[in-house]
Amino acid sequence: MPQFSRALDVYQGFNFKKDKQNSVGYITKLKLGDIELTADQETIKDPEQPDKALANKVVGVLNHYLWETGTTDAMYLSAQVSTSNKQVLSAALMGTWANIQVEFQYTVYEYDPLAKKYFKSNYSDAALKGLLEKSGDDLNLSVADDESREVQSPKNFTLQVGIKPQTLEQTVNLATGSGKNIVKQWGVTETAAK
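Below: a short report on this structure. (Residues numbered from 1 in each chain as written. Predicted model: local features only at pLDDT ≥ 70, side-chain atom pairs only at ≥ 80, totals over all residues. Heavy atoms only, no water.)

### Examining the pairing of strand β8 (residues 101-112)
On a regular strand, each side chain points to the face opposite its neighbour's, so the side chains alternate between the two faces of the sheet.
In step 1: Two elements, strand β2 (residues 24-32) and β8, share 8 bridges in a ladder whose sense is antiparallel. Residue pairing in the sheet places tyrosine 26 in a bridge with threonine 107 of β8.
In step 2: Note: β8 against strand β10 (residues 128-132), 4 bridges, orientation antiparallel. The partner of glutamate 103 across the bridge, within β10, is lysine 129.
In step 3: Summarising the sheet, β8 and strand β9 (residues 117-123) pair through 6 bridges and their orientation is antiparallel. Looking across to β9, one finds that tyrosine 111 is bridged to tyrosine 118.
In step 4: Taking the residues between adjacent antiparallel strands as the criterion, β8 and β9 are bridged by 4 residues, where lysine 116 takes a positive phi near 60 degrees. (Pairing = 2+ DSSP bridges. Helix = DSSP H or I, 4+ residues; strand = E, 2+ residues; numbered from the N terminus.)

Here it is in structure tokens:
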């Protein structure tokens with residue numbers, strides 16, 4: 001099964017330039033357990049309309065995204081988050097983590113050289129519901145102690161998270177070019193035995 005894996009340009013994500021055509025992505029909602037990270041990055045440009053800011057504020061600028069595209073495969077997101085979100089998450093990681101439910105929404109944008117414009121290549125219409133992935137006894141969730149150097153301002157820190165789907169059928173939109181869209185299922189609804 002093909003995978004959807006993208007290395008995304010953090011500098012272009014923070015400082016969008018019309019003459020660059022690098023792929024970018026944003027997390028617009030991220031609730032990890034009982035902690036909802038704040039969408040506190042406001043000046044992010046909309047790649048599809050670069051003269052305007054995105055309609056929603058951003059929780060994080062993606063630097064990498066991976067999904068094997070299987071119905072039950074985990075999604076792996078790596079993003080740059082604000083100092084405030086880093087502090088909230090770091091404090092929570094030092095405590096006990098009981099609620100592993102996740103709600104998140106993101107968009108990956110790529111440039112279509114034939115249409116000569118950006119398009120959404122991976123996104124969901126509504127927030128996805130998942131569970132924090134575990135590696136042994138440890139959650140697949142971390143945030144860097146040291147600030148990233150790709151972009152000096154605003155200060156930002158790398159967040160990494162693995163998210164498995166909840167037992168619920170959800171959809172993810174993929175595209176290979178402008179107007180070349182497909183819809184993939186993520187998660188399987190569990191039915192009760194009779």
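### Some remarks on the packing of aromatic side chains
For any two aromatic rings, the description comes down to two numbers: the centre-to-centre distance and the angle of the planes.
In step 1: Enumeration over the complete set of coordinates arrives at 7 aromatic pairs.
In step 2: With a centroid separation of 5.8 Å and an interplanar angle of 85 degrees, the aromatic rings of phenylalanine 104 and tryptophan 186 are classed as edge-to-face. Of the two residues, phenylalanine 104 sits in strand β8 while tryptophan 186 sits in strand β16 (residues 181-186), which places them 82 residues apart along the sequence. The burial state of phenylalanine 104 is the same as that of tryptophan 186; both residues are buried. (Phe/Tyr/Trp six-rings, centres within 6.5 Å; stacked < 30°, edge-to-face > 60°. Buried < 20%, exposed > 50% of the residue type's maximum accessible area, 1.4 Å probe, protein only.)

Scope: geometric values only; no functional claims are made or implied.
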